[in-house]
Every structure is written in structure tokens, then in C-alpha cells.
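Spelled out, the chains give:
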Amino acid sequence: MKLYLVRHAKAGSRSAWDGPDEERPLSKAGRRQAAGLTKLLRDEPIGRVLSSPYVRCRDTVAPLAERLRLPVEDADGLVEGAPLSEALRLVEKVTDKPTVLCTHGDVIGDLLHHFDSQGVRLDADDDAAPSELRFPKGSTWVLDVEDGQVVRGRYLPAT
């Protein structure tokens, strides 16, 4: 069973955005990355799509969810600044079916470093050390789950 941990695609500049950060949309490049995610995961047997309620996260997975005819479900455990304990609780709840989880860089970093500290094999780019785990905007980590536990992770760059 697999979980797909997605970092939201590129959004407009934080400093140039006048509204609430939660409402900051994807940039043109981010919309291309969202379309690329749909192509990247098109053959995967995904049964659920969860997202941080931030617009940039929801918009990253919306094209994929539409193609799969699945709703995008908001998950507070994926919001920017969510405590690791909340993100881990959410991961534990969704290990019953292949699920996409779209979130922010800090949450992904916390999760990956936690899995690494638990001995989970994380295959990043080339021979990246754990401190160099990559998670740029629009990228995906495919997490293999066995008996409800994450046992491996593989990095997929944004397309």
C-alpha cells in the first residue's frame, strides 16, 4: 500500500500577496506542476485525496482528484505549522487505502525526518544524506506502508 506525500506546487510570492496567506493561489508555474502531478500519478490506484485547506495545496491536487472523480478532503493535520504529532496521527488514519496527502514544506520535512529517525529507508536524489532530504514545491514522496507502518520512501521530482 502506498501514500503519496505531495508538497504544494509553486505559489505566488508571499511578500507580493495582499490577502491572507491561506488564500494565496498557485502561480502559472504551479498550475503546470499540478497538471504534471496528474500525469505522474495517473496510473496509481489512489482511493483518497487529502489536503491542507490552504488554497495552494487544494489547487495542487484538484486536477488529480477531478480526474480520479474523488473529492479533495481538508485535513487540519496538513496545515502549515501543524505539529508532527497531528501529521503522524493523520498518516496512521489513512494507511488503509492509497492516499494522496498534500501539505507544506515544514510538515513534509518533519514527517521525513521522523521516518528517517525510525529507520525508514528514504531514497532521495542520488546519494543525498538524510539531512539533505529533498522536498521542493510540486514534488512527491511515495511512502510504502506495510502493516500500518511506513517502511520505505521514494522521492519523485515535480514534473
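Below or above, wherever it landed, is the structure these notes cover.

What counts, and where the lines are drawn
Residues numbered from 1 in each chain as written. Predicted model: local features only at pLDDT ≥ 70, side-chain atom pairs only at ≥ 80, totals over all residues. Heavy atoms only, no water. Core = buried A, V, L, I, M, F, W, Y, C linked by side-chain atoms within 4.5 Å. Buried < 20%, exposed > 50% of the residue type's maximum accessible area, 1.4 Å probe, protein only. Helix = DSSP H or I, 4+ residues; strand = E, 2+ residues; numbered from the N terminus. Contact = heavy atoms within 4.5 Å. Pairing = 2+ DSSP bridges. Axes fitted to C-alpha atoms, helices over the stretch in contact; angles between N-to-C directions. Parallel < 35°, antiparallel > 145°, perpendicular 65-115°, else oblique. Nonpolar A, V, L, I, M, F, W, Y, C, P; charged D, E, K, R; others polar.

1. Some words on the nonpolar core
Side chains of a nonpolar character, in soluble globular proteins, are inclined to be buried together.
Right, so step 1: Core analysis: the biggest nonpolar cluster contains 29 residues, and Leu101, Leu111, Phe115 and Trp141 have the highest contact counts within it.
Right, so step 2: Mapped onto this core, the elements with two or more residues apiece are strand S1 (2-7), helix H3 (84-93), helix H4 (105-117), strand S6 (140-146) and strand S7 (149-156).
Right, so step 3: Residues Val72, Val100, Cys102 and Leu156 belong to the second largest nonpolar core, which totals 15 residues.

2. With respect to the environment of Cys102
Right, so step 1: Looking at where Cys102 falls in the secondary structure, it is placed in strand S4 (residues 99-103).
Right, so step 2: Sequence separation of Cys102 and Val79 is 23 residues, and the distance between their C-alpha atoms is 9.3 Å.
Right, so step 3: Leave out the neighbours within four places in its chain, and Cys102 touches Val6, Arg7, His8, Leu50, Ser51, Ser52, Cys57, Thr60, Val61 and Leu78.

3. Notes on the pairing of S4
Right, so step 1: In terms of burial, S4 is a largely internal element, five of the five residues being buried.
Right, so step 2: Residues of S4 alternate between two faces, with Thr99, Leu101 and Thr103 on one and Val100 and Cys102 on the opposite face, all of them buried.
Right, so step 3: Note that S1 and S4 share five bridges and pair parallel. Each residue of the ladder has a partner; that of Leu3, found in S4, is Thr99.
Right, so step 4: Pairing of strand S2 (residues 48-51) with S4 involves four bridges; the strand directions are parallel. Note on S4: the bridge partner recorded for Ser51 is Cys102.

4. Regarding the packing of H3 against H4
Helix packing for two helices is described by the angle between their axes and how far apart those axes are.
Right, so step 1: Where H3 meets H4, the axes come as close as 10 Å, and the angle between the chain directions of the two elements is 75°. On the basis of the axis angle, H3 is roughly perpendicular to H4. Each of Leu84, Ala87, Leu88 and Val91 in H3 lies in contact with H4, whose residues at this interface are Val107, Asp110, Leu111, His114 and Phe115.
Right, so step 2: Along the lines of polarity and charge, the residues of the contact of H3 with H4 split into seven nonpolar, one polar and one charged.

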